[in-house]
Amino acid sequence: MLTTRPRGTLDYLPEDMDRWHQIEGLAHKVCRLYGYQQVKTPVFEHTELFERTVGGATDIVEKEMYTFQDRGGRGLSLRAEGTAPAARAYLEDKLYAQPQPTKLYYVEPIFRYERPQAGRMRQHYQFGIEALGSQNPALDAEIIALAMDFFGRLGLTGLDVQINSIGCPKCRAAYREKLVTYLRGVAESLCDDCRARLERNPLRVLDCKNESCRPHLEAAPVASEHLCPECRTHFEALQAYLAGYGIPFKINRRLVRGLDYYTKTVFEIIAPGLGAQSTVCGGGRYDGLIEVLGGDPTPGVGFGLGIERLTLALEAQGIKLPRTSATDVFVASLGEAAAARALRLVHDLRAADIAADLDYLGRSLKAQFKYADKTGAKWVAIIGDEELAADEVTLRRLDTGEQERVPAAGLVARLSEEVRRAAAGQAARAGEQAPRAKGEHS
RNA sequence: GUGGAUGUAGCUCAGCUGGUUAGAGCGCCAGGUUGUGGCCCUGGAGGCCGCGGGUUCGAGCCCCGUCAUUCACCCCA
């Protein structure tokens, strides 16, 4: 083999795509229910978009971006994060001139140069939403509710919602000073990483996982207890709204997100059974971001939701989504004349929106049956000499083994009816499932 | 970037203290019925034992390097 897929990337194979389409389809559906509209932005952006918004002192910008120059000498980077491109599009494409607030979503790949591990890929997909133009805490609650609704409809349980507030630039400056003063006092007891972070990004010291730092950080001042009145009111309102949605949550006073643009609300949704990378959804408010990009002050709030981690969570809970891509009918034939007839029949079936397939390997009838069975076909239509003479086909249901002779001319109409009935049954079952899954979270 | 584990058939793995033609189960293909799937039986195809070097009469097994996978740290979805 000449080469393999690059480290930290995944091939999505046919067997994966049913689940993928259903997850993405559900994202489309839930977003429509909540009034969010889809955008697609380029896979690469000018590097400064990420440098200026995410922050130059963050790991993402310092060491994780796929950055390159194009042939015209432009400095570009593969999308390292979802919010900044969406915010850029909002400003550049003047979405602020549309009815407000602007509620957007996307399902797109993100690229970060990291060491791969469970739930971490160099290319991964995020379903993200962004609500721009309102600082109403009800919107912070809405996006959390949307995420939980989405998870609930997939049947996921045991999710843990953690929220915090890191304040606005006003209260954060005062708090930051207080924190740095405290940390300097205990600096000698902290690990090397923390001492370095103390100067560059002191808030991050708080969620250091190093055991030796823990005791010294217990007494450190936390942001949520040093909020200005506006931020405190916002945080309290968010909690009231979440309660109103019936969403259980925990306040995690050490939750600090690593991106510079966050203000006020930050949150994570953690799924059980994922190993070390257990956050399936993370986000928060970014009221200063649009200004950094050169626009008028415009508040915003959003989240990113990792599709690969979601998939791991579904597997951990044994949740299998139904197969949707199988062919409806396999047309088996015996002999050359019958094969020619089968070809025409398949053509007619497909024209009538019935998924039909046939043998291309000259296989025995038995082998054709095995193939039909393994590929998930629901029916096999058999054409042999007898059927050819009578202008009929033998139609067999593979799940029940029921078999009958039907006129060839009536096959399309007959199967159309069956396929429609099956689809209606499936829709009804899906409809029953949703409220029950949703109820498990309230 | 740091640390640990693992690389043998498409998949999951065996392979005794280095010793002749490298095995199993599942999967794939075919046959058992020249008109019928799932179960069963039989047969077949498929492996430069990740790659490169070394030790040895002899290496899948030992040593070194390298690449890849994987888990964890950092950080993130």
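About the criteria used
- Residues numbered from 1 in each chain as written.
- Chains lettered and ligands numbered in written order.
- Predicted model: local features only at pLDDT ≥ 70, side-chain atom pairs only at ≥ 80, totals over all residues.
- Heavy atoms only, no water.
- Helix = DSSP H or I, 4+ residues; strand = E, 2+ residues; numbered from the N terminus.
- Buried < 20%, exposed > 50% of the residue type's maximum accessible area, 1.4 Å probe, protein only.
- Contact = heavy atoms within 4.5 Å.
- Areas by Shrake-Rupley, 256 points an atom, 1.4 Å probe, with all protein chains shown as cover.
- Lys, Arg positive; Asp, Glu negative; His and termini not counted.
- Charge placed at Lys NZ, Arg CZ, Asp CG, Glu CD.
- Arc of directions from axis to C-beta.
- Near = heavy atom within 4 Å.
- Polar contact = N/O pair within 3.5 Å; in protein donor to acceptor, adjacent residues only side chain to side chain.
- Nonpolar A, V, L, I, M, F, W, Y, C, P; charged D, E, K, R; others polar.
- Domains from an automatic or database assignment.

A. Local environment of the overall build of chain A. The helix and strand inventory of chain A stands at 15 helices and 16 strands. Going through the 442 residues of chain A one by one, you find that 48% of them count as buried. At a minimum sequence separation of 6, the contacts of chain A that also span at least 24 residues come to 69%. In the structure as shown, chain A presents an accessible area of about 22,100 Å², 51% of it carried by carbon and sulfur atoms. Charged side chains in chain A number 57 positive and 59 negative. The centres of these two groups are separated by 3 Å.

B. Structural context of helix 2 (residues 47-54). Those residues of helix 2 lying buried are Thr-47, Leu-49, Phe-50, Thr-53 and Val-54. Buried residues of helix 2, viewed axially, fall in a sector of 165 degrees; they line one side. In the segment just after helix 2, Gly-55 is the residue with positive phi, at about 115 degrees.

C. Structural view of the protein's contact with RNA strand B. Close contacts around RNA strand B come from 46 residues, with Arg-112, Arg-120, Arg-197, Gly-258 and Leu-398 the closest. Per the 4 Å cut-off to the protein, sugar and phosphate atoms form 50% of the nearby atoms of RNA strand B. One nitrogen or oxygen atom from the side chain of Glu-114 is found 3.3 Å from a base oxygen belonging to RNA strand B. Within the backbone of Gly-282, a nitrogen or oxygen atom sits 3.2 Å from a sugar or linking oxygen of RNA strand B. At the level of elements, strand 6 (123-132), strand 10 (279-285), strand 11 (300-306), helix 13 (365-374), helix 14 (385-390) and strand 15 (392-397) are the ones that each hand at least two residues to the surface near RNA strand B. Here the element with the most residues in the surface near RNA strand B is helix 13; it accounts for 6 residues. For the surface near RNA strand B, the class distribution of residues is 10 nonpolar, 15 polar and 21 charged.

D. Structural detail: the environment of Ala-174. Looking at where Ala-174 falls in the secondary structure, it is placed in helix 6 (residues 169-186). Each C-alpha atom of the pair Ala-174 and Leu-132 lies 27 Å from the other, and the pair is 42 residues apart in sequence.

E. Just the domain arrangement of chain A, in detail. Splitting chain A by domain gives domain 1 (14-168 + 228-316) and domain 2 (329-430). Distance between the C-alpha centres of domain 1 and domain 2: 46 Å.

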